[in-house]
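# Notes for the structure review
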Amino acid sequence: MHTTVGIIGGGPAGLLLARLLHLAGVDSVVLESRSRTYVEERQRAGILEQATVDALRAAGAGARMDREGLVHDGIELRFDGRSHRVDFPALAGGRSVMVYAQTEVVKDLVALQLAEGGPLLFEAEVHRVEGAETDRPTLHYTHEGRAQTLSCDYVVGCDGFHGVARDAVPEGLRQTYERTYPYSWLGILADAPPCYDELIYAHSERGFALASMRSPTVSRLYLQVPNGADAADWPDERIWDELDLRLGRPMNRGPVTAKSVLPMRSSVTEPMRHGRVLLAGDAAHIVPPTGAKGLNLAAADVVVLARAFTRLRETGSTELLDGYSDTCLRRVWRAEHFSYFMTTTLHTDPGQSAFETRLQESQLDRISRSRHAAAELAENYVGLPI
Ligand code: RFL
Ligand code: PHB
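In short, a report on the structure. Counting restarts for each chain, with residues numbered from 1 along the sequence as it is written. Chains and ligands are labelled by the order in which they are written, letters from A for the one and numbers from 1 for the other. Residues qualify for local features only when their pLDDT is at least 70, as the model is predicted, and side-chain atom pairs are given and counted only at 80 or more; totals for whole chains, interfaces and linings, by contrast, use all residues. With hydrogens and water set aside, each side-chain value is computed from the structure's full complement of heavy atoms.

### Quick notes on the sheet that holds strand β7 (residues 97-99)
This is how the line gets drawn: Strands are labelled as partners when DSSP assigns at least two bridges between them. Helix and strand definitions follow DSSP, with helices as H or I runs of at least four residues and strands as E runs of at least two, each counted in order from the N terminus.
Read from one edge of the open sheet, three strands run β3-β7-β4, paired in antiparallel fashion. In this open sheet, the two edge strands, each paired with only one partner strand, are β3 (47-48) and β4 (70-72). One ladder, built from two bridges, connects β3 with β7; its direction is antiparallel. Directly across from leucine 48, in β7, lies its bridge partner methionine 98.

### Focus: the site of ligand 1
Note the following rule: Nearness of a residue to a molecule or strand requires only that one of the residue's heavy atoms be within 4 Å of it. Between N or O atoms, a polar contact is any pair within 3.5 Å; within protein, one atom must be a potential hydrogen donor and the other a potential acceptor, and residues adjacent in sequence are included only when both atoms are from side chains. Using the Shrake-Rupley algorithm and a 1.4 Å probe, accessible areas are obtained, with residue cover drawn only from the displayed protein chains. Think of it as three bins: nonpolar holds Ala, Val, Leu, Ile, Met, Phe, Trp, Tyr, Cys and Pro, charged holds Asp, Glu, Lys and Arg, and polar takes everything else, Gly as well.
Surveying the vicinity of ligand 1 reveals 35 residues, the closest of which are Glu32, Arg42, Gln102, Asp282 and Leu295. A distance of 2.8 Å is found between an oxygen atom of ligand 1 and a side-chain nitrogen or oxygen belonging to arginine 42. For ligand 1, whose accessible area on its own is 1,000 Å², the fraction buried by protein is 89%. Those elements giving two or more residues to the shell around ligand 1 turn out to be α1 (12-23), β9 (124-130), β15 (218-225) and α8 (294-315). The element contributing the most residues to the shell around ligand 1 is α8, with four residues. Classifying every residue of the shell around ligand 1 by side-chain character gives 16 nonpolar, ten polar and nine charged.

### Overview of the pairing of strand β10 (residues 138-143)
Inclusion rule: Exposed residues in this analysis have more than 50% of their type's maximum accessible area, buried residues have under 20%, and partly exposed residues fall in between, with area computed by a 1.4 Å probe over protein chains only.
Across the six residues that make up β10, a large majority, five, are buried. Looking at chain direction, β9 and β10 are connected through six bridges and run antiparallel. Bridging across to β10, valine 129 finds its partner in leucine 139. Across six bridges, β10 lies against strand β11 (residues 146-157) in antiparallel orientation. When the bridges of β11 are listed, threonine 142 appears paired with alanine 147. Once β10 ends, the chain turns through two residues before running back antiparallel as β11, passing glutamate 144 with a positive phi of about 50°.

### Observations regarding the pairing of strand β12 (residues 175-190)
The pairing of β12 with strand β16 (residues 256-270) spans 13 bridges and is classified as antiparallel. Following the sheet pairing, alanine 190 is matched in β16 by valine 256. Inspection of the sheet shows β12 paired to β15 by seven bridges, in the antiparallel sense. Across the sheet, residue leucine 189 finds its bridge partner in β15, namely arginine 220.

### What about the environment of serine 151?
Under the convention used in this document: Every residue pair with non-hydrogen atoms within 4.5 Å of one another is taken to be in contact.
If you trace the backbone, serine 151 turns up in strand β11. Spatially, the C-alpha atom of serine 151 lies 56 Å from that of aspartate 365, the residues being 214 residues apart in sequence. Residues in contact with serine 151, not counting those within four places in the same chain, are Met1, His2, Thr3, Arg136, Pro137 and Thr138.

### Thoughts on the pattern of salt bridges
What counts here: Each salt bridge in this description consists of a side-chain nitrogen of Lys or Arg and a carboxyl oxygen of Asp or Glu lying within 4 Å of one another.
With the rule as written, the count across this model stands at 28 salt bridges. Here arginine 249 makes a salt bridge to glutamate 76, at a shortest N to O gap of 2.9 Å. Of this pair, arginine 249 sits in the loop between α7 (236-247) and β16 while glutamate 76 sits in strand β5 (residues 74-79), and the two are 173 residues apart along the sequence. A network of salt bridges, in which partner residues are shared, links Arg64, Glu68, Glu104, Lys107 and Asp108.

Okay, structure coming up:
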């Protein structure tokens, strides 16, 4: 089998890329190691930047999002016993964000790809990418128990943080920049109406908490917990009590339908291209979830890539493809910094001194008093145009 663009991974990056390429008349094949159900049910992101919303609409995948998604014009910061609202449209040129779960984005894109697009194979695991430096890179994969190969003009690794595509960039030519954090998140999904109509990010001496949502009847809530924490040590009542204390208001309680512990990490691999293999999304970079940037960065990468492949098809020019890594890394590092800033400003490091706590409170106070400081947060949160 041969295709123009071989895509490893059917997460948001791989699926959106396949869709944008299809609309541009560029053929592709998506190989996804997991089952359709697994990919569609995996609980992850919930916040879409304006540019991601625009990209989904342009991909013809915006209809259900526009019906069911919730437009959010701000967030609430809670610290030092008080609250401050950051008003996005007022501070960030009229832009806002959309609450629409990654599970739903993935379902919409899978349905479109299966109905109209090129092949999307589930339970097709890529083991190796060969020939990045040749003009026919090849994917070696297993599907339905049989070893197969797919030869491609280009390969795009959209295979997430634990994927195989990154290894196509020789070790001596790639640099990885990383940071780990001394805390994790315990996340729950609950059949309970959100206690407030916007997201609440809370700094407290008991640790960080975040009240988010999936719909008017489903809450998504997070608590900072120590690294290595076990979800089994957190019975539902303990979680609700802790959320009430950290968020400074009573949650609406309801049945907890999912519970898991998530580690936090920042990582960037440079460059995002080697020969005819390009990396996109979590395969190239990850951020701690505090800034809600991961899914949005993945979408931005593939919008840039789709433009580059379209230019190649229409004019034969590889100029945009050649600039791909540099173009994306500028945005990636901005999002890395913002995610790091949100994480370290809002969480309580277990070894943190009272001095450092006062610095965090001072920074949050500054955001509540200075339009410039608040605008810096708002512009980064709603995201830069792609
Ligand atoms: P994904 O979603 O990890 O998809 C990669 C896909 O590749 C497949 N795969 C392979 N397929 C074939 N062969 C192989 N060898 C393969 N190896 C892997 C995998 O099965 C998978 O289907 O990466 P992608 O597409 O780059 O998308 C990235 C986003 O999923 C991620 O950045 C976000 O979920 C991060 N994130 C958030 N991002 C936001 O923008 N806003 C948020 O509010 C937000 N909240 C979150 C988050 C991530 C979280 N977790 C669990 C890390 C909240 C959480 C809790
Ligand atoms: C979510 O709803 O899952 C969510 C929202 C905001 C974040 C992180 C996760 O910063």
